[in-house]
Amino acid sequence: MSGGEKQILAFSSVHAMNPDIYVLDEPSANLDANKIELLKELLIKIKNQGKTILITEHRIYYLADIIDKIVFIDDGEIKSQLTREEFLNLEDSTRRNMGLRTLKIPEIEEKFHIVENKKSHEAELVIENLSCNYGKKEVFKDISFSASAGDIIGILGENGAGKTTLMRCLAGLIKEKSGNVFIDGEKLNYKQRLDYHYMIMQDVTHQLFAESVIEEFTLTNENIPKEKILSILEEFNLDKFKGKHPMSLSGGQKQRLAIAVGALANKRILIFDEPTSGLDYIHMYKVSNIIKKLSKENHIIFIVTHDKELFEITCNKGLKLENGRKVKEFLVK
């Protein structure tokens, strides 16, 4: 199952128990727009049944019609408590300074410029008719596109559309059933592609292995100057945790650490799978800036995301999947 499908399953299992109090920790983190709307409808239904709901969340637009009270916590302390009306009347600048996300869904489709489904053999990366199965189950089929240095390509689609599997296959983490991948005109098999790619996974706990935060960087590249590591840790507000074990960090801190490690991994092609899951506005914006900086260093970057706010401020191209097929390839105006 995809990360979003697992998320819905977890909520459904709790809902089936019919508790009086629900505690939800980032319930929308890996969900597509349709699943978020489904989550919202379920929360309204539960609330109308007289249940108590406590939600810790960064993606807040879908909660605007549901919440009664907001408790704002910063650095382990309750800084303010607001009614729904007080919260919705906050100025955008005030909300952003608090590190809170948008209350309106960005209409990114208005900025799409659909391009023909063709690939350029002059591009650094060319994918031809790539297909992949898990056992007998077809995940995606006949995907073709190309990418050049500096591209930041958002991979869009509903939960279970095949986005993560496509990126894992591209990176050489799983073997394709058929199709070809060319880098600089050279056809590479899945094992060869491992040398060119670094993928920050959706569940970053699977790729944090060191005994300390600072040691995570040397596992991927022993030659990174220490000052460069300390600089990116400071940029992501992780410098005070440099001696801590990665598993002692919060979910959002682990996410930022994995992104920071990937940024310094010195790989040609970088893949970010839901990089802003569990991140507030401030750190989402920092991740966006890091990704745009990497694109200027001639990396090819892919972002698997349901985060329209991130897509809007970061990506210059997009690829949309539906049921394992490419349905749209577009430029961002």
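Before reading on, note that the structure itself is shown above.
Counting starts from 1 at the beginning of each chain's written sequence and moves along it residue by residue. With pLDDT at 70 or above as the cut-off, local features in this predicted model cover only qualifying residues; side-chain atom pairs require 80 or more to be listed or tallied, and sums for whole chains, interfaces and linings still use all residues. Excluding hydrogens and water, the side-chain figures rest on all heavy atoms present in the structure.

Next up on the list: the side chain of glutamine 207. Where helices and strands are cited, they refer to DSSP runs of H or I of at least four residues and of E of at least two residues respectively, numbered from the N terminus. If you trace the backbone, glutamine 207 turns up in the loop between strand E11 (197-200) and helix H7 (215-220). The term polar contact refers here to a pair of N or O atoms within 3.5 Å; inside protein, the definition further demands a hydrogen-donor-capable atom paired with an acceptor-capable atom, and it admits residues adjacent in sequence only when both atoms are side-chain atoms. Here methionine 199 takes part through its backbone oxygen, which lies 3.0 Å from a polar atom of the side chain of glutamine 207. The contact partners of glutamine 207, leaving out residues within four places of it in the chain, are Tyr198, Met199, Ile200, Met201 and Glu216. In what follows, residue pairs with any heavy atoms lying within 4.5 Å of each other are defined as contacts.

Our focus in this paragraph is the environment of glycine 3. Tracing the backbone through its elements, the reader meets glycine 3 in helix H1 (residues 3-17). In this view, glycine 3 contacts Asn30 and Gln202; residues no more than four positions away in its chain are not counted.

Right, let's get into helix H2 (residues 33-48). Expected helix span is computed as 1.5 Å times (number of residues minus one). Taking 1.5 Å of rise per residue, the 16 residues of H2 would be expected to cover 22 Å, and the 23 Å separating its terminal C-alpha atoms lies within 8% of that figure. Of the positions making up H2, those classed as buried are Ile36, Leu39, Lys40, Leu42, Leu43 and Ile46. All buried residues of H2 lie within an arc of 165° about the axis, which places them on one face of the element. Against the buried residues of H2 lie H1, strand E1 (21-25) and strand E2 (52-56). Burial status follows relative accessibility: with a 1.4 Å probe on protein chains alone, a residue under 20% of its type maximum counts as buried, one over 50% as exposed, and anything between as partly exposed. Arc definition: directions from the helix axis to the C-beta atoms.

Our focus in this paragraph is the nonpolar core. To qualify as a nonpolar core, a set must consist of buried Ala, Val, Leu, Ile, Met, Phe, Trp, Tyr and Cys residues joined through side-chain atoms within 4.5 Å. Within the largest apolar cluster, 41 residues are counted, with the highest numbers of intra-cluster contacts made by Phe217, Ile232, Phe236, Leu257, Phe272 and Ile301. In this structure, phenylalanine 236 is in contact with Arg256, Ile259, Ala260, His283, Lys286, Val287 and Ile290, ignoring residues within four places of it in sequence. Core analysis: the second largest hydrophobic core is formed by 29 residues, Ile143, Phe145, Leu166 and Val304 among them.

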